[in-house]
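# Reading the structure
Each chain, letter by letter, is given below.
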Amino acid sequence: MTGIYPKINPQSINANLGLKQHFDLTKSFENDHFGTWSKLAREELFWHKDFETCFSQKEYPFFSWFEGGKTNISYNCLDKNLEKNSQKTAIQFINSNQEETNLSYRELHQRVIQFSNYLKKLGIKKRDFICLYMPLSCEAVIAMLAIVRIGAIHNIVFAGFSATALAERIRDTKSDWVITADLAYRKGKELSLLETCLEARDESDFKNIIVYNRSGNCEISSLEKSGLKFYKFENYLSEDFTKDSIEWLDAEDPSFVLYTSGSTGKPKGLVHSTGGYSLWAKLSTRWVFDLKENDKYWCTADIGWITGHTYLVYGPLLNGATCFFYEDAPDFPNKNIFWQLIEKYKITIFYTAPTAIRTFMQWQKDHPITQDLSSLRLLGSVGEPINPKAWKWFYEVIGNSRCPIVDTWWQTETGGIMITSLIGVDDMKPGKAGRALPGIEVFTDTDNKLYIKKPFPSLARTINGNPARYLNAYWNNEHKAYLAGDSALIDEDGYVELQGRIDDVINVSGHRLGTAEIESSIIKAPHVSEAAVVSIPHEIKGETIIVFAVTNGATTKDEINEQIKDDIGSFAKPEEIFLCKALPKTRSGKIMRRLLKDIGLRKFPEGDISTLEDSKVIEALIEVVKQQL
Ligand code: WT7
């Protein structure tokens, strides 16, 4: 299906960013880019001390925004909303047993102050890194807001990562502190997060761990690990909430670091700012999701990914919204649970990922959706391109052909949404994310590489401990613009069609994985001398991993799977593993991945193979693949 879906009944939309405002804002940015950003920053955020300069470029490509200004994200999320919204529900959380917790802005504010006092009492200072390895929970949100309140820096590691991956991320920030839970509930199973942290301790040397007693029967006094101090998460509740230990931070002080995969084996810790990040988190949420006073907003992401940071926690709270979230998986306790929750809690805005949408499409065949979804008014998608078939299903079945869909393109690096179609402004074109938001300008070069032209405040400032890698990965190009790492086509209306990554990053179910990262894990398996990881398209997951591992015959596929599980986590499990004797290489020794992709797809490799060193390798690989059928 191609075509254009006009914005829905534009007269009745009354969007936060309608045609006129959009026109004026775009003009304003054109006339005075930085003047417009300054004006927005002053209107939207509380500044304890006003900033002096809007933007300054330091040594290329490093820059800063709102210098001289002092602010605090937690203050902007909580205190700023107290006057108008103190009784309003800030977070509504449903746990695996379908039990509900509601915290009003007043209550969340108190808890956050208590937890920040607790952190201070334990000796945590501004600029300390704190690693969070937690289940989706109110406690995790409280911890995030308390950490940024005192100017410490959170490093959230998705609770599906293995002990080794966790340890690597702790080491990279030289963090002394970890906050975890005794366990997480997932699809009726218990995942022992605490145990994983203790394993990670063998490969890192954090000194303190705060444990949230999720199960209700965790006894930390019985735990022991030499040199490690244990603290109860719950103790924060006896702290004073009338005494606030807020730190006023420079706009450029880091708010958090979040690791993501790149082209090399080592994940990149992207460092986000305080002022610029929160400005864009606030504006983009209000513009794109059109948040209104009475909305009930549900973003299904985990806080371990950037979507969970910006659009589950910071963006909606900065706007005084009610954020709804659910602890468990979309098929627990049944495959209709998401629709039941939408019906029961009258969700109005629902933001999820294409891989989930395609899964729902499959499930629906055996589990018809009978729930009343009429509370919904806006749907969103993020993480990978949403194919027109899934788009149409989402639009018709979930949105009942009434709800606009915002297909939002952005990245861990950009901190917030860059490209989408705005519900009061743009028509929707399934398969194309949409246009760049006001203040954001994108272009492509002759190789269809996507860039962002002008500076914008929410871009990650650096890679933790490795500014040279930041320069090389994103900026080392003739255009002196931010290189996104995606390939794209831009049509005559300025709509961007994303075509996937241009680097060795693959996107499995919206999770970004570096091929080099997986390869360096595989070669640790017994008797594996070399490995190549490529991706092939997958109906549900978008892309999926296939592995070619050179072995002397004594390796099993289980050993390779185990190794990946140990080093990264089970979510990186390959779809297929082929054990082989050699990989196709050019005479200069470069692995020809394009050929491996074809072979994995059960296609005879096409195109030029004249640079191939030994063409017999291809036949041998085709044999291996055939045998696996
Ligand atoms: C990569 C960034 C942004 C939060 C989730 C992923 C791909 C993301 C879209 C979209 C096409 C998309 C890109 C991007 N991507 N959203 N709407 N259409 N592709 O964040 O893990 O940093 O991954 O995800 O390839 O570069 P991330």
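About the cut-offs
Residues numbered from 1 in each chain as written. Predicted model: local features only at pLDDT ≥ 70, side-chain atom pairs only at ≥ 80, totals over all residues. Heavy atoms only, no water. Helix = DSSP H or I, 4+ residues; strand = E, 2+ residues; numbered from the N terminus. Contact = heavy atoms within 4.5 Å. Domains from an automatic or database assignment. Buried area = accessible area lost by both parts, 1.4 Å probe. Salt bridge = Lys/Arg side-chain N within 4 Å of Asp/Glu carboxyl O. Axes fitted to C-alpha atoms, helices over the stretch in contact; angles between N-to-C directions. Parallel < 35°, antiparallel > 145°, perpendicular 65-115°, else oblique. Left-handed = near helix turned anticlockwise from the far one by under 90°. Nonpolar A, V, L, I, M, F, W, Y, C, P; charged D, E, K, R; others polar. Buried < 20%, exposed > 50% of the residue type's maximum accessible area, 1.4 Å probe, protein only. Polar contact = N/O pair within 3.5 Å; in protein donor to acceptor, adjacent residues only side chain to side chain.

### Some points on the environment of alanine 181
Residue position: alanine 181 is located in strand S8 (residues 177–181). Along the sequence, alanine 181 and leucine 132 sit 49 residues apart, while their C-alpha atoms lie 9.4 Å from each other. Those residues in contact with alanine 181, other than ones at most four positions away along the chain, are Tyr133, Pro135, Leu193, Leu194, Val211, Tyr212 and Arg214.

### Here's the deal with the domain arrangement of the protein
Often the size quoted for an interface is simply the accessible area lost on bringing the parts together. Split into domains, the protein comes out as domain 1 (10–81 + 88–487) and domain 2 (511–628). Averaged C-alpha coordinates put domain 1 and domain 2 at centres separated by 33 Å. Between domain 1 and domain 2, the residue contacts involve 23 residues of the former and 17 residues of the latter. Together, Ser261, Trp305 and Arg358 form the three largest contributors to the area buried by domain 1 at its contact with domain 2, with a combined 30%. Close ionic contact of glutamate 413 with arginine 512 constitutes a salt bridge, the shortest N to O distance being 2.7 Å.

### So, the packing of helix H16 (residues 515–522) against helix H17 (residues 557–567)
Put simply, H16 and H17 touch, their axes get as near as 8 Å, and they point 120° apart. One finds that H16 runs oblique with respect to H17. Two packed elements cross with a definite hand, and for H16 against H17 that hand is right-handed. Two secondary-structure elements touch here, H16 through Ile518, Ser521 and Ile522 and H17 through Ile560, Gln563, Ile564 and Asp567. By residue class, the composition of the contact of H16 with H17 is four nonpolar, two polar and one charged.

### Observations regarding the side chain of threonine 544
Relative to the helices and strands, threonine 544 is located in strand S31 (residues 542–551). Looking at threonine 544, the relative accessible area reads 2%, which means it is buried. A distance of 3.1 Å separates the side chain of threonine 544 from the side chain of glutamate 575, its partner in a polar contact. With residues up to four places along the chain from it excluded, the contact list for threonine 544 reads Val508, Val534, Ser535, Ile536, Pro537, His538 and Glu575.

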